[in-house]
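Secondary and tertiary structure notes
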Amino acid sequence: MNTLDNIAAPATAVGGAVNIIRLSGPGVLDVANKVWQGTPLSGENVRKMILGKVAGDQALAVYMKSPASYTGDDVVEFQCHGGAAVADAVLRAVLSAGCRLAEPGEFTCRAFINGKIDLLQAEAVSDIITSGSNAALKMAEKQLDGVLSRKINDLCAELDSLRSECEARLDFPDEELDFDDKAAVRIGEVKARLEELLATHRSGAVLRDGVQVALAGRPNAGKSSLLNKLLGFERAIVSNIPGTTRDTVQEQTVLRNIPVHLTDTAGLRDSIDPVEKLGIERSYKTISSAEVTFWLLDASAEDLAEEASSLDISAPGVIPVWNKCDLAKERELPELPLEAVKISALKDDDFSELLDAFECKVLSVARHAPPEVAVNARSAAQLETAIPHCEAAQQLFEDGCFELAAYELASAAHAAGKIVGRNADPDLLDAVFHRFCLGK
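A brief structural summary.

Reading guide: rules and limits
- Residues numbered from 1 in each chain as written.
- Predicted model: local features only at pLDDT ≥ 70, side-chain atom pairs only at ≥ 80, totals over all residues.
- Heavy atoms only, no water.
- Helix = DSSP H or I, 4+ residues; strand = E, 2+ residues; numbered from the N terminus.
- Rg over C-alpha atoms; globule rule 2.2 N^0.38 Å.
- Buried < 20%, exposed > 50% of the residue type's maximum accessible area, 1.4 Å probe, protein only.
- Contact = heavy atoms within 4.5 Å.
- Axes fitted to C-alpha atoms, helices over the stretch in contact; angles between N-to-C directions.
- Left-handed = near helix turned anticlockwise from the far one by under 90°.
- Nonpolar A, V, L, I, M, F, W, Y, C, P; charged D, E, K, R; others polar.
- Pairing = 2+ DSSP bridges.
- Arc of directions from axis to C-beta.
- Phe/Tyr/Trp six-rings, centres within 6.5 Å; stacked < 30°, edge-to-face > 60°.
- Lys NZ or Arg CZ within 6 Å of the ring centre and 35° of its normal.
- Salt bridge = Lys/Arg side-chain N within 4 Å of Asp/Glu carboxyl O.
- Core = buried A, V, L, I, M, F, W, Y, C linked by side-chain atoms within 4.5 Å.
- Parallel < 35°, antiparallel > 145°, perpendicular 65-115°, else oblique.

Within the chain one finds 15 helices and 13 strands. A globule of 440 residues ought to have a C-alpha radius of gyration of about 22 Å, yet the chain, at 29 Å, is considerably larger. In terms of overall dimensions, the chain has C-alpha extents of about 80 × 80 × 35 Å along its principal axes. Burial statistics for the chain: of 440 residues in total, 49% are counted as buried. Across the chain, the fraction of contacts at a sequence separation of at least 24, relative to all contacts at a separation of at least 6, is 64%.

Attention now moves to the packing of helix α5 (residues 134-144) against helix α8 (residues 201-209). The N-to-C vectors of α5 and α8 enclose an angle of 115°; their axes lie 8 Å apart at closest approach. At the point where α5 passes α8, the crossing takes the left-handed sense. For the pair formed by α5 and α8, the contact residues are Ala 135, Ala 136, Met 139 and Gln 143 on the first element and Gly 204, Leu 207 and Arg 208 on the second. Class assignment for the residues of the contact of α5 with α8 results in 4 nonpolar, 2 polar and 1 charged.

The element strand β5 (residues 57-64) is extensively covered by neighbouring structure, given that 6 of its 8 residues are classed as buried. Between strand β4 (residues 50-54) and β5, which pair antiparallel one after the other, the connecting turn spans 2 residues, and Ala 55 there sits at a positive phi close to 55°. The pairing of β5 with strand β6 (residues 75-81) spans 6 bridges and is antiparallel. Bridged to Ala 59 within β6 is Cys 80.

Below, the discussion takes up helix α15 (residues 426-433). Looking at α15, one finds that the buried residues are Leu 428, Leu 429, Val 432 and Phe 433. Projected onto a plane normal to the axis of α15, the buried residues spread over an arc of 115° and lie on a single side. For α15, the exposed residues lying more than 90 degrees away from the buried face are Pro 426 and Asp 427. Packed against the buried residues of α15 are α3 (106-113), α4 (119-130), α13 (377-398) and α14 (402-420).

Further remarks concern the packing of aromatic side chains. All chains considered together, the criterion is met by 5 aromatic pairs. Their ring planes at 75° and their centres at 6.2 Å tell us that Phe 294 and Phe 358 sit as a pair that is edge-to-face. Taken together, the residues Phe 294 in strand β11 (residues 292-298) and Phe 358 in helix α12 (residues 352-363) connect sequence positions 64 residues apart. Like Phe 294, the residue Phe 358 is buried in the burial classification. Three or more aromatic residues joined by ring pairs make a cluster, and in this case those are Phe 112, Phe 433 and Phe 436. Directly above the aromatic system of Phe 107 lies the positively charged group of Arg 22, at a separation of 5.5 Å from the ring centroid. Directly above the aromatic system of Tyr 70 lies the positively charged group of Lys 440, at a separation of 5.3 Å from the ring centroid.

Another aspect to go through is the pattern of salt bridges. Counting across every chain of the model gives 17 salt bridges. With a closest N to O distance of 3.4 Å, Arg 218 and Glu 306 form a salt bridge. Taken as a pair, Arg 218 in the loop between β8 (211-217) and α9 (223-231) and Glu 306 in helix α11 (residues 304-309) lie far apart in primary sequence, 88 residues in all. When its relative accessible area of 25% is taken as the criterion, Arg 218 is described as partly exposed. Three or more residues joined by partner-sharing salt bridges are found here, namely Asp 5, Asp 73, Arg 100, Glu 106 and Arg 110.

Let us now look at the nonpolar core. Looking at soluble globular proteins, one finds that nonpolar side chains tend to be buried together. By size, the foremost hydrophobic cluster in this structure holds 35 residues, and its most contacted members are Ile 152, Leu 194 and Phe 397. Contributions of two or more residues to this core are made by α6 (147-171), α7 (183-198), α13 and α14. At 10 residues, α14 tops the list of elements feeding residues into this core. When residues no more than four places from it in sequence are discounted, the contact partners of Phe 397 are Glu 165, Cys 166, Arg 169, Ala 183, Ala 184, Ile 187, Phe 402 and Ala 405.

Spatially, 6 strands are ordered β9-β10-β8-β11-β12-β13 in an open sheet, and the strand pairing comes out mixed. Of all strands in the sheet, those bounded by a partner on one side alone are β9 (249-255) and β13 (341-342). Sheet strands in contact with α8 are β8 and β10 (258-264), and its direction is about 60° off that of β10.

What follows covers the packing of α4 against α15. Where α4 contacts α15, the axes come no closer than 10 Å and their chain directions differ by 20°. As judged from the angle between their axes, α4 and α15 are roughly parallel. Seen from α4, the contacting residues are Leu 119, Ala 122 and Glu 123; seen from α15, they are Leu 428, Leu 429, Val 432 and Phe 433. Considering only residue class, the contact of α4 with α15 consists of 6 nonpolar, no polar and 1 charged.

The next thing to look at is the pairing of β10. Burial analysis of β10 places 6 of its 7 residues in the buried class, the great majority of the element. With 5 bridges joining them, β8 and β10 adopt parallel strand pairing. Bridging across to β10, Val 213 finds its partner in Leu 262. In terms of strand pairing, β9 meets β10 through 7 bridges, oriented antiparallel. Paired with Leu 255 across the bridge in β10 is Ile 258. Connecting β9 to the next strand, β10, in antiparallel fashion are 2 residues, including Arg 256 with a positive phi near 55°.

If you want it as structure tokens, here you go:
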């Protein structure tokens, strides 16, 4: 991305009450004043909202002088009336006056290049926008505040210090210097801290991306009733007639602070109805691509052994769920290959047991406390690179091979530094910022 250009883009989604057109670059003040009708924007009215017109629309304008702006460059924002036509007219005007259309994430990329934020904080901006739960939002806000960055920077500083220890032993082998006799232990401690951060990757992925959950089972097992209860509103038609659901029904919700993509599937059975057969085919495809499967079994069925045999334990992340237990209080339910949860989708309001099982399946623990910070896939890959270098450095240091230990420590620091963007190359920046929306 060329950081010398003047760039512009809508900073708000089309259709709201207000459109914000954002400009950034070394010459945006001149560009803005070419299209602005009102008190000229200047250093005398920095950060003051001024009423005027742009592209014929009554609007507000604000000028933020470098370096005290989001990008670190001069920034001008026009706040005009909502609607696609107004946004298009204002954007066309500023593009004609000397700006080019910003690339996705280019404003935040400039903030990174100008030292306003590091790469982890830049990624947190995107995570805040896309967060699907309160826990994911809080985690992203902590990352934007620099909590994870400080952890990484502290580790990099420790690795640099340990490398200096190795080099001092090489440069002054015969001198009676105050060498650190616990350096090897310190290397092991750094490795352990890197491993602790890597262990947060799974939790982070779940909170950021959510989990695909399928509701499966035979017709009339109560899948649609459970869907409605988990969502908190009537999304799917519930009927005593088997085969009511003939297509997949998809909705999003949050269970135990985890964003969930929930899919109700058609009841699984042999059918000659061509429409129902298509729905069943879709059901199997949905189940195969799910991460967790709530497999519902009817506790009130006439033949419980046959009902139990319908359970497919090979389904991804399968959790057997005996439903309609309110209708079978005196019945002894068959043993299953996996531990089952007992519910009544119509009668129950508390699904704690089911949610515990879900949380254990996803995070290997129930009543999981959301992590303060968690690394994403990019950071996890760098940690996986750094950890073996630390392991090798510790052994080499203990063997007295200080030159090789210094090399391994430098390699570990290089990998960890990439996480915050110390060694960012253009390809890495493109990969990170092109996931952003336009105007951010």
